[in-house]
Amino acid sequence: MDVTLLGTGAGIPQADRAQASILLHDEDLLLIDCGAGALFRLGELGLSPLEIETVLLTHLHLDHVSDLLPLAKARYLLGEPWLKVFGPAGTDQLVRSLHSLYPYLQSIKLEVTEIGAGCRFEICGLDVRTVSAVHSVPALCYRIEGSSTVACSGDTEPSAGVSELAAGSDLLVHECSFPDGFDVTNHTTPTPLGRIVRDVGEIVLTHFYPHCRGLEDEMARTVEGISGIRTRAGRDLMGLKMSG
Ligand SMILES: [Zn+2]
Ligand SMILES: [Zn+2]
């Protein structure tokens, strides 16, 4: 399985970080979150929106969904007016509300499936398991198993549930919104993450706010130093190839 980080930023813009989006490439392509800039990054990779048929959302904050309708519209313009969207409770209402604002796009078929915490289902030939994130709105963390296993935290505080879900995976893509020293809720800083994560092959940090600027590698070293697990700071278009 190949993983490409399309967007490693968050709600406040930075020149080189699009908002949250991760592309998984196993037998099919699966997009996890679709924040602003994800569509542009797909273009940079030379991928057509037609190749993205399914989007899996961790939650509905704007920095994770802004490019969702633009992706559906790009597919419509290219002759495939449909998109499958999986996400937590509220996804159907969000997608239908957005869609209703654009009468000229009503021929687009947006097929929404809502999923809960503690679920197990198949998507794009991948086995997906969920737990609740610890965030300000309903949010899910995913463990996705195909030829290798990737766990994606979405937005969350460091959580025993997320750590358990990720255990045994080859790669954990975990948010790390702020450096140590920030007293944050709903998000993660390096030291508490290093203390709680265990038994994963590698950690890649993402979802950086501008407060992290220039500190990203140090944040990764902190997580690695405490957890003993190889940790890198994510950047847009970083490709992570996994054997298997
Ligand atoms: Zn976010
Ligand atoms: Zn969020």
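Cut-offs applied
- Residues numbered from 1 in each chain as written.
- Chains lettered and ligands numbered in written order.
- Predicted model: local features only at pLDDT ≥ 70, side-chain atom pairs only at ≥ 80, totals over all residues.
- Heavy atoms only, no water.
- Donors = N, O, S within 2.8 Å, 3.2 Å for Na, K, Ca; no water.
- Tetrahedral: all angles 85-135°; square planar, octahedral: opposite > 155°, others 65-115°.
- Buried < 20%, exposed > 50% of the residue type's maximum accessible area, 1.4 Å probe, protein only.
- Patch = residues over 30% accessible without salt bridge, like charges linked within 9 Å, V, L, I, M, F, W, Y side chains within 5 Å.
- Areas by Shrake-Rupley, 256 points an atom, 1.4 Å probe, with all protein chains shown as cover.
- Salt bridge = Lys/Arg side-chain N within 4 Å of Asp/Glu carboxyl O.
- Lys, Arg positive; Asp, Glu negative; His and termini not counted.
- Charge placed at Lys NZ, Arg CZ, Asp CG, Glu CD.
- Helix = DSSP H or I, 4+ residues; strand = E, 2+ residues; numbered from the N terminus.
- Pairing = 2+ DSSP bridges.
- Axes fitted to C-alpha atoms, helices over the stretch in contact; angles between N-to-C directions.
- Contact = heavy atoms within 4.5 Å.
- Expected span 1.5 Å × (residues − 1).
- Arc of directions from axis to C-beta.
- Phe/Tyr/Trp six-rings, centres within 6.5 Å; stacked < 30°, edge-to-face > 60°.

1. Some details on the coordination of the zinc ion (ligand 1)
Item 1. Binding of the zinc ion (ligand 1) to the protein goes through Asp 63 (OD), His 64 (NE2), Asp 155 (OD) and His 207 (NE2), at separations of 2.1 to 2.2 Å.
Item 2. In this structure, the zinc ion (ligand 1) is surrounded by 4 donor atoms whose angles at the metal cover 91 to 165 degrees, and the resulting shape is irregular.
Item 3. We note that the donor set of the zinc ion (ligand 1) lies within a single chain, spaced as D-H-x90-D-x51-H.
Item 4. The zinc ion (ligand 2) is placed at 3.5 Å from the zinc ion (ligand 1), the two being bridged by Asp 155.
Item 5. His 64 sits in the buried class, given a relative accessible area of 1%.

2. Side note on a negative patch on the surface
Item 1. On the surface, Glu 27, Asp 28, Glu 53 and Glu 80 cluster together to form a negatively charged patch.
Item 2. One can find Glu 27 in the loop between strand E2 (21-25) and strand E3 (29-32).
Item 3. Glu 27 sits in the exposed class, given a relative accessible area of 74%.

3. Some points on the sheet that holds strand E14 (residues 239-241)
Item 1. Across the sheet, 7 strands lie side by side as E6-E5-E4-E3-E2-E1-E14; this open sheet has mixed pairing. Because the sheet does not close on itself, it has two edges, and the strands there are strand E6 (109-114) and E14. Strand-to-strand twist of the sheet, defined as the mean angle between neighbouring strand axes without regard to direction, takes the value 20 degrees.
Item 2. Two elements, strand E1 (residues 2-7) and E14, share 3 bridges in a ladder whose sense is antiparallel. Residue pairing for E14: Asp 2 is matched across the bridge by Lys 241.
Item 3. Against the sheet, helix H3 (residues 68-77) engages E3, strand E4 (54-56), strand E5 (82-87) and E6, with an angle of about 155 degrees to E5.

4. Considering helix H7 (residues 216-227)
Item 1. Between its first and last C-alpha atoms H7 spans 17 Å; for 12 residues at 1.5 Å apiece the expected length is 16 Å, and the two agree.
Item 2. Listed as buried for H7 are Glu 216, Met 219, Ala 220, Val 223 and Ser 227. In an axial view of H7, the angular spread of the buried residues amounts to 100 degrees, which keeps them on one side of the axis. Exposed residues lying more than 90 degrees from the buried face of H7 are Asp 217, Arg 221 and Gly 225.
Item 3. Next to the buried residues of H7 lie helix H6 (190-196), strand E12 (203-206) and strand E13 (231-233).
Item 4. Gly 228 occupies a position one or two residues after H7 and carries a positive phi of about 75 degrees.

5. Quick look at the packing of aromatic side chains
Two descriptors summarise a pair of aromatic rings, namely the distance from one centre to the other and the angle between the planes of the rings.
Item 1. Under the counting rule described, the total for this entry stands at 4 aromatic pairs.
Item 2. Where Phe 86 meets Phe 121, the ring centres are 6.1 Å apart and the plane angle is 5 degrees; that geometry is what we call stacked. Here Phe 86, found in strand E5, pairs with Phe 121, found in strand E7 (residues 120-123); they are 35 residues apart in sequence, far enough to count as distant. With respect to class, Phe 86 is no different from Phe 121; both count as buried.
Item 3. Aromatic pair Tyr 102 and Tyr 104: ring centres 6.4 Å apart, planes at 75 degrees, arrangement edge-to-face.
Item 4. According to the relative accessible area criterion, Tyr 102 is partly exposed, its value standing at 35%.
Item 5. Classification of Tyr 104 as partly exposed rests on a relative accessible area of 47%.

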